[in-house]
Structure formats: C-alpha cells, structure tokens
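Working through the structure, step by step
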Amino acid sequence: MYHGGFAVDNFFNPLTYNPLTSSSSARVKLRFAIPLRELKPTGEVKLVKREYVQLTRAALDEVEGGRIILRGVLDPESLRLLQVAEYQREVLPITKIEKLVEAFKIGSVPDVDLGMRGGDYNDREGIFTLKNDVFIIDGLQRVNAGLLMLQKSDGVPRLGATIHFDTTEEWERERFKILNVDRTKLSPNVLIRNMRADTPVIDLLYNLSTGSEKGFVLTERVCWAQRQQAAHIVTALTFAKTVAFLHAHIGPGRSTGVLEVARGLQQICDTTGKVVFRDNVRAFFNLIDECWGIRRVQFRAGAVYMRTTFLICLATLFSRHEIFWKGNHLVVSADLKRKISKFPVMDPTIANLASASGKATDMLYTLMIQHVNSGKRQKRLVPRDNVPKVGPELVESVEQGVEETATEIEARAAN
C-alpha cells in the first residue's frame, strides 16, 4: 500500500503504540503511518521520499550553557521518520488528533522538541539534513496530527521544531519530565478570558464581574487569571458554566468544555438579547447574596453555596421550572426567595454533596426540590416537559440515599 509516494505497510502505527506494552523491537525501529481505517484520501499529496529528517529555513542557535540547538520547519515527509522512545505517553484517540488537525488549518501550532542521538548533519543554504536517529521528546500528538493531514490529503502541515544534538535516552527522559510534568498547565480561566475578543458574551461577563459595571455582587470576586487571589470566590469557568445552566432551557447550556460553554452562551445571549441576559445573571447572584450572602464572604472555602456543584444544581432548579420565569426573564417571587433561603447550606451533608459530583449532584438537586416543595399542597414545582434532568436518571439507590439524607438533615435541624 502506498501513500504520497512511499510505502506504509511496515511502518510503526502510532495510534496503537503503547510504550508500556509494545515489544522492544517495536520501540527500536519506529516509523510512523496513520492507520487507514475509515480514512479515504480526497486527493493526492505529492511528497518526495526521504531517508533522513530534514528541516527547512533552519539555523543553529546557542542556548544557555553553551549548548547548540537547531531551529527550523520540519519537512512534511520527514514526519514519518521521527522515532518514539518508551518514555513517551500513548497516542491520544483519533477524535483528539482530529482537533489538532483543525489547529493546523487555522494557524500554526507550537514547535515540537526533538532529540538527535548524534551530531551528523548536512547544511545546504538553510536546509539541514539530520543523519542520525531523531526522537520525539515533546509533540507526539502534533506529529500524528500532521501525519493525519497528509493521509487525508487535507493540506500540508507546517510544524516547527527544535533539535537537540548528541542526546541520550536518559537526557531526553529528563527533558520530557521538565516539559510535561514540571510546567504549569494553562488554566481554563485564562482560556475563557482570552475569548473576549471573538465572543461578545464572554466580554459581557468579564466586564460585569471586573468592575466595569458597578453594583454587581461578584465584582472583583471572579478569577479570570491563572491563580486565584484571596478575594476570588469563584472561577471564571464556574461562573460561565453556572450562567449557561441557568439558561439551558433557552439554548445549549449543558456543555462542560471551555469552547462549547462559550459557544452555547453566545447562542443563548443572541436569543435573549444582552440586556435580558445581563439582568438574569444579576438576578441569580443577587438572590444568592440575599439568601446566604456573597458580599460578606471572606474565605471561599466556607461558602458552600459558591461551589461548582451547588451553583449548577441551583441554576438547573431555576431553568427547569417555569415558575421562576416570565418569558426569558428570571423572576423569583418573595415567598420562593424566603423558602430557598432556608435551605440548610451549612449542614455537613450539604457541604459534602456540594463538593462532590456524579450521584451526589443528583442527590443535592433532589434535596433542593424537596426543600422548596416541603409543606406545600399547591404550587409545587412542576418541571418543564422538554428539559432533561440535571444528571442521569435517578436510580433506586440514589432515591433511597436522598430519603435517608433528608431525614438526617431534619434531625440535626430539630436538635
């Protein structure tokens, strides 16, 4: 079988490679080829077969400590020649790799970090040919995304690279650790903050919570940065998710990923209009402030009602019941506010549920429903017909757990 002018039958398959279980021979002769399952080329990518890794527009550079490295752009056909040592992680699922392909299409991706186990190379007018084995230190998933692009004839990947000379597996393993374990992962709060320029609704929420619009109870209390400060009691991602769940009956508000949350919020805001959307956000968090207090919170750890699970359960409670809405406006009557304010947020059981997920979310949500409906024969909460429950269907064990939990809470309240 041939692809782009070179045979792929006997190449190393990166999507099935596992460094912990693959044989030593598979780890020594490592050649790349994306598997052809369910992938049919739409055109022909003409590549020249190479035996050595090549970099174009390349130049040598001296880094700290006097070490010489090479920076340049990987020749696309060279991607299949890059090797993988056993210190590498396994390859991500094909769906994740396809997302990286999209990143290639809309712009450049970060350079990969490579190690050549030797120092033999040729330089001809900025084109460097590396004549020793070249191993991927950091960037395995990006390399596979580039290979996938080539196999699908979906464009030619442009991938920069940094080459370290005369490396050993031990040296590469230590650098792999530095690049992947010791570095700080980018916070989703920063990612969502950086979407302000392209997503008006994120800009609206940012301005609302950073003091641009006065009088909001969460002014300077939302973390839009890498690290939370003492004054922050909720993260930007939790803030955005909560607002999305609050409006889930209007648009796609039940996503969890940063991009999906932002897209869903924008659709919701386009439906309600900015003024109504902003008023609903204010009304929701003002209610929490009136019931349990936001302005007086000094330490976020003690504010059970500002934890992600609690906020999403409360937002879902409002979204699922028409009694809290007039059209697209969130309107909570005084008697319902009084009832909600008596929910025992300081009870240890509630605190534990608010810190958990999974079935705990269903239990907390159901306890909220039971609390609002308690003592009522009329005007009990009736859910909308077209809105799903907060989590999976409540199984018998959860229902039993809710009943036992409610009994325990009532007993503590009585004492």
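Our subject is the structure that appears above.
The rules behind each value
- Residues numbered from 1 in each chain as written.
- Predicted model: local features only at pLDDT ≥ 70, side-chain atom pairs only at ≥ 80, totals over all residues.
- Heavy atoms only, no water.
- Helix = DSSP H or I, 4+ residues; strand = E, 2+ residues; numbered from the N terminus.
- Buried < 20%, exposed > 50% of the residue type's maximum accessible area, 1.4 Å probe, protein only.
- Contact = heavy atoms within 4.5 Å.
- Areas by Shrake-Rupley, 256 points an atom, 1.4 Å probe, with all protein chains shown as cover.
- Pairing = 2+ DSSP bridges.
- Axes fitted to C-alpha atoms, helices over the stretch in contact; angles between N-to-C directions.
- Phe/Tyr/Trp six-rings, centres within 6.5 Å; stacked < 30°, edge-to-face > 60°.
- Expected span 1.5 Å × (residues − 1).
- Salt bridge = Lys/Arg side-chain N within 4 Å of Asp/Glu carboxyl O.
- Parallel < 35°, antiparallel > 145°, perpendicular 65-115°, else oblique.
- Nonpolar A, V, L, I, M, F, W, Y, C, P; charged D, E, K, R; others polar.
- Arc of directions from axis to C-beta.
- Left-handed = near helix turned anticlockwise from the far one by under 90°.

Looking only at helices and strands, one finds 14 helices and 13 strands in the protein chain. Expressed as a percentage of the 415 residues in the protein chain, the buried residues total 50%. The contacts in the protein chain between residues at least 6 apart in sequence include a share of 70% that link residues at least 24 apart. Total accessible area computed for the protein chain in this model is approximately 21,400 Å², and 50% of it derives from carbon and sulfur atoms.

Turning our attention to the sheet that holds strand S4 (residues 68-74). Taking strand neighbours across the sheet as the criterion, the seven strands line up as S6-S7-S3-S4-S9-S5-S8 in an open arrangement whose pairing is mixed. Each end of this open sheet is capped by a strand with a single partner; those strands are strand S6 (121-124) and strand S8 (134-138). Taken over all neighbouring pairs, the strand axes of this sheet differ in orientation by 35 degrees on average, direction set aside. Taken together, the five bridges between strand S5 (residues 112-116) and strand S9 (residues 160-165) define a ladder with parallel strand orientation. Bridge pairing in S9 places Val-112 opposite Ala-161. Along the sheet, helix H3 (residues 140-151) makes contact with S5 and S8, crossing S8 at roughly 115 degrees. The sheet strands contacting helix H4 (residues 169-180) are S5, S8 and S9, and the helix crosses S8 at an angle near 25 degrees.

This part covers the packing of aromatic side chains. A ring pair, where both rings are aromatic, is described by two values, the distance of the centres and the angle of the planes. Applying the stated criterion across every chain yields a total of 13 aromatic pairs. Between Trp-292 and Phe-310 the ring centres are 5.5 Å apart and the planes differ by 85 degrees, which places this aromatic pair in the edge-to-face class. Taken together, the residues Trp-292 in the loop between helix H9 (274-291) and helix H10 (308-320) and Phe-310 in helix H10 connect sequence positions 18 residues apart. Across the pair, exposure class does not vary: Trp-292 and Phe-310 are buried alike.

Residues three or four positions apart in an α-helix share a direction because the helix packs 3.6 residues into each turn. Between the first and last C-alpha of helix H13 (residues 359-373) there are 21 Å, a value that for 15 residues agrees with the 21 Å anticipated at 1.5 Å per step. Among the 15 residues in H13, 13 count as buried, and that is most of the element. Positioned one or two residues after H13, Gly-375 has a phi angle of 80 degrees, which is positive.

Attention shifts here to the pattern of salt bridges. As enumerated under the stated definition, the model contains 11 salt bridges in all. When the shortest N-O distance is used, the salt bridge between Lys-105 and Asp-154 registers 2.5 Å. Taken together, the positions of Lys-105 in helix H2 (residues 94-106) and Asp-154 in the loop between H3 and S9 put the pair 49 residues apart, joining distant regions of the chain. The class for Lys-105 is partly exposed, based on a relative accessible area of 41%. You can call Asp-154 partly exposed: its relative accessible area is 31%.

A word on the packing of helix H8 (residues 258-272) against H9. Remark: H8 packs on H9, axes separated minimally by 6 Å, with the N-to-C direction vectors making an angle of 115 degrees. The angle between the axes of H8 and H9 places the two elements in the roughly perpendicular class. Between H8 and H9, the residues in contact are Leu-265, Ile-268, Cys-269 and Thr-272 and Lys-274, Val-276 and Phe-277, respectively. Residues of the contact of H8 with H9, tallied by class, amount to five nonpolar, one polar and one charged.

We now examine H2. Helix length check: H2 (13 residues) gives 19 Å between terminal C-alpha atoms against 18 Å at 1.5 Å per residue, within 8%. When we look at burial in H2, the residues that qualify are Ile-97, Val-101 and Phe-104. Taken around the axis of H2, the buried residues stretch over an arc of 55 degrees, which confines them to a single face. In H2, the exposed residues that point more than 90 degrees away from the buried face are Lys-99 and Ile-106. Check the buried side of H2 and you find it contacts H3.

Counting buried positions over the five residues of S8 gives five, a clear majority of the element. In this structure, S5 lies alongside S8, joined through four bridges in antiparallel fashion. If you follow Leu-114 over to S8, its bridge partner there is Ile-136.

This part takes up the packing of H10 against H13. Packed helices, taken two at a time, are described by the angle their axes make and the gap between the axes. Between H10 and H13, whose axes approach to 10 Å, the crossing angle comes to 50 degrees. One finds that H10 runs oblique with respect to H13. Considering only the axes of H10 and H13, their crossing is right-handed. Residues Thr-309, Phe-310, Cys-313, Leu-314, Thr-316, Leu-317 and Arg-320 of H10 pack against Thr-361, Leu-364, Tyr-365, Met-368, Ile-369 and Val-372 of H13. For the contact of H10 with H13, the per-class residue count stands at nine nonpolar, three polar and one charged.

Okay, the pairing of S6 next. Of the strand pairs in this sheet, S6 and strand S7 (residues 127-130) are connected by four bridges, and their pairing is antiparallel. If you follow Tyr-121 over to S7, its bridge partner there is Leu-130. Where S6 hands over to S7, the hairpin turn is made up of two residues, of which Glu-125 adopts a positive phi near 50 degrees.

Purely geometric numbers; function is a separate question.
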